[in-house]
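# Chains, contacts and geometry: an overview
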Amino acid sequence: MANSGVFYTSGYADDGSGAPYRFKFSWSLTGQSVEGNYSTISWNVVCDGGKSSDYWIVVYAKYVTVNGSTQSRSDAETIYNGTTVFSGSSTIYHNTDGSGSFSASCGGAFNYSGDYNSTGSGSWSLPTISLACGIDKIADTSGSGISFINTGENIRIYFTPKTTSFSYRTTVSIGDNSSTDTGTVSSTSQTYRQYNIPHTWLSNGVSGTLTCKLETLNGSTVIGASTKTITVKVSSSIVPTSSGISATYVSTGNSTVDSWGIYVQNKSKVEITLSDIAAGSGSSIKSCTVSGPSIASSSMSISGSTATSTTNAIRNSGTLTYSAYVTDNRGRNSETRSVSIVCYPYSNVSIASFRVDRCLANGIISQDGKYAKCTFSGSCASVNGKNSIDSSESKFY
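So, here is what we can say about the structure in this document. Source: prediction; values computed, not measured.

## Quick word on the sheet that holds strand S1 (residues 4-8)
The strand order across the open sheet built from four strands is S1-S2-S3-S7, with neighbouring strands paired in antiparallel fashion. The open sheet terminates on both sides in strands that have one partner only, identified here as S1 and strand S7 (84-93). Across this sheet, the average inter-strand angle for adjacent strands is 15°, counted without regard to direction. As defined by bridge partners, strand S3 (residues 38-48) adjoins S7 across nine bridges and the pair is classed as antiparallel. Bridge pairing in S7 links Trp-43 to Gly-88.

Below, the structure is given as structure tokens:
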């Protein structure tokens, strides 16, 4: 890339007579416009060579072409070493990526009215115009640069525009979630765009990569882009919740046991209910889990904001504890809640003794009796005083 350049036409600086015999083309960069995406140059064509400035030569047809634009004359002119034959300035428009180049050529018919007998050309790449601006930093709302942020908080994308003529599009994204803002600026001072990062952008995980992108647009054409990334996390305080847990009696079909209003071993069930369940902000509930005696399934049924699970017939007795918690799609668990019930032991009636004797019709034992008297004793579980049998009873057959 060049800021200036020179070339000479063919021929000789001294044709033997001491007269100049070629042209010198030179140029220099005079400016660049970011808004217009162009460079300006000044250039000239001068007579070159000769023994001294007193030596001259007649040049007839002559021309110069700079960046496709041509000047020419055909009249005979007497020129000296250093005489300016052509001069001017040109505007060189650059490509959309900021690169630019141009070429030039010139020639003349020295001391001869026919075709050009001295010609030359050159081409140059100009300094690239930096059209697009980059992201200066990703920062919090205080302006301090950051490498990570929690969901629910705000970030700022800082950048310094090159011109007010362009528009600038900023985008923040995580996976398929994104937010974009496009607009112009009123000055070329550093500015920022602010975004809130929703909890929902990390609904299935606890961390991710946030991509921040800045695009510079000339009309609808993107002429440059800059990207930075930071880490986004879900605060450890954002977890699933529930308001409470309860236990409810469930019948196994024994109406007598049901009337007692207590839990009875092998005769009762219990329904565990977890209330007001909710996932961590921005996520959704994945499952609710319960544990405890005689649980039919550790996975609870979910309906709205309630999760329930009914046990099999309770096989255990004593104070029984059931615990449950919520898991969301981030894999985080709620506080475990517990509830206890008292289940009273139950056993079938047991016979301790059994005797058969001959007896009379009135039950008096007699070898002459025509009847049999059956006498037995037994016991049963008291079930907190709800259950009882006669300790002994006689039957006559």
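## Here's the deal with the pattern of salt bridges
This structure, assessed with the given rule, holds nine salt bridges. A salt bridge links Arg-22 to Asp-48, with the shortest nitrogen-to-oxygen separation between them at 2.7 Å. Here the residue Arg-22 occupies a position in strand S2 (residues 22-33), and Asp-48 occupies one in strand S3, the gap between them amounting to 26 residues. You can call Arg-22 partly exposed: its relative accessible area is 22%. Looking at Asp-48, the relative accessible area reads 15%, which means it is buried.

## Topic: a nonpolar patch on the surface
Residues Ile-351, Phe-354 and Val-356 make up a contiguous nonpolar surface patch of about 340 Å² in total accessible area. Within the element layout of this structure, Phe-354 appears in strand S26 (residues 350-359). Accessibility expressed as a relative area gives 56% for Phe-354, which makes it exposed.

## A closer look at unusual backbone geometry
Unusually for a residue other than glycine, Asn-37 sits at a positive phi of about 60°. A positive phi angle, near 65°, is found at Asn-266, a position not held by glycine. Mapped onto the elements of the fold, Asn-266 is located in the loop between strand S19 (263-264) and strand S20 (268-275). Classification of Asn-266 as partly exposed rests on a relative accessible area of 40%.

## Here's the deal with the pairing of strand S13 (residues 167-174)
With seven of eight residues buried, S13 is to be regarded as a mostly interior element. Across seven bridges, S13 lies against strand S16 (residues 207-218) in antiparallel orientation. Pairing of Ser-173 across the sheet is with Thr-211, part of S16. Where S13 lies against strand S14 (residues 177-184), eight bridges are found, and the strand directions are antiparallel. Among the inter-strand pairings, Ser-167 is bridged to a residue of S14, identified as Thr-184. Between S13 and S14, which follow one another and run antiparallel, lie two residues, and Gly-175 among them has a positive phi close to 60°.

## Examining the nonpolar core
Membership of the largest hydrophobic core comes to 26 residues, with the highest contact counts inside it found for Ile-155, Val-172, Ile-197, Leu-210 and Cys-212. Where this core is concerned, the elements lending two or more residues are strand S10 (135-139), strand S12 (154-159), S13, S16 and strand S17 (221-233). Here Val-172 is in contact with Ile-155, Ile-157, Asn-177, Ser-178, Ser-179, Tyr-195, Ile-197, Trp-201, Leu-210, Thr-211 and Cys-212, once residues within four sequence places are set aside. Counting 25 residues, the second largest nonpolar core, distinct from the first, contains Phe-23, Trp-27, Val-45 and Val-66.

## Details of the state of the cysteines
Each disulfide consists of one covalent bond between the sulfur atoms belonging to two cysteines. Applying the stated rule across the entire model yields zero disulfides. Cysteine Cys-133 shares no disulfide, and the gap to the nearest cysteine sulfur, in Cys-212, comes to 14 Å. On the basis of relative accessible area, Cys-133 is assigned to the buried category, the value being 3%. The structure places no disulfide on Cys-359, whose sulfur is separated from the nearest cysteine sulfur, that of Cys-374, by 8.7 Å.

## Considering the side chain of Ser-26
For Ser-26, the position within the fold is in strand S2. At a separation of 3.0 Å, a polar atom in the side chain of Ser-26 contacts the side chain of Asn-44. Aside from chain neighbours lying at most four places away, what touches Ser-26 is Gly-5, Val-6, Ser-42, Trp-43 and Asn-44.

## As for the side chain of Ser-33
Secondary-structure assignment places Ser-33 in strand S2. Judged by its relative accessible area of 13%, Ser-33 falls in the buried class. From its side chain, Ser-33 meets the backbone nitrogen of Gly-36 in a polar contact 2.8 Å long. When near neighbours in sequence (up to four residues on either side) are disregarded, Ser-33 contacts Tyr-38 and Ile-129.

## Details of the environment of Ala-139
Take Ala-139: it is sitting in strand S10. Sequence separation between Ala-139 and Ile-230 is 91 residues; the distance between their C-alpha atoms is 10.0 Å. Leave out the neighbours within four places in its chain, and Ala-139 touches Ser-144, Gly-145, Ile-146, Ile-155, Arg-156 and Tyr-158.

About the criteria used
Here the residue numbering is sequential within each chain, running from 1 through the sequence in written order. Under the rules for a predicted model, residues below a pLDDT of 70 receive no local features and side-chain atom pairs below 80 are neither given nor counted, while totals for whole chains, interfaces and linings still include all residues. Calculation of side-chain values draws on the structure's entire complement of heavy atoms; hydrogens and water are dropped beforehand. DSSP-based pairing: two strands are paired if at least 2 bridges between them are found. A helix here means a DSSP run of H or I that spans at least four residues, while a strand means a run of E at least two residues long, and both kinds are numbered starting from the N terminus. What counts as an axis is a line fitted to C-alpha atoms, over the stretch in contact for a helix, and the angles between N-to-C directions run from 0 to 180 degrees. The salt bridge definition used is simple: a Lys or Arg side-chain nitrogen within 4 Å of an Asp or Glu carboxyl oxygen. Buried, partly exposed and exposed residues are distinguished by accessible area as a fraction of the type maximum, computed with a 1.4 Å probe on protein chains only: under 20%, between the cut-offs, and over 50%, respectively. Only residues whose relative accessible area exceeds 30% and that take part in no salt bridge are eligible for patches, with like-charged residues grouped when within 9 Å of each other and nonpolar side chains (Val, Leu, Ile, Met, Phe, Trp, Tyr) grouped when within 5 Å. Only the protein chains shown count as covering a residue, and every accessible area follows the Shrake-Rupley method with a 1.4 Å probe. We define a nonpolar core as any set of buried Ala, Val, Leu, Ile, Met, Phe, Trp, Tyr and Cys residues linked to one another through side-chain atoms lying within 4.5 Å. Residues count as neighbours in contact if any of their non-hydrogen atoms are within 4.5 Å of one another. The term disulfide is used for any two cysteine sulfur atoms that are within 2.5 Å. We call two N or O atoms a polar contact when they sit within 3.5 Å, provided that within protein one can donate a hydrogen and the other can accept it, with sequence-adjacent residues counted only if both atoms are side-chain atoms.

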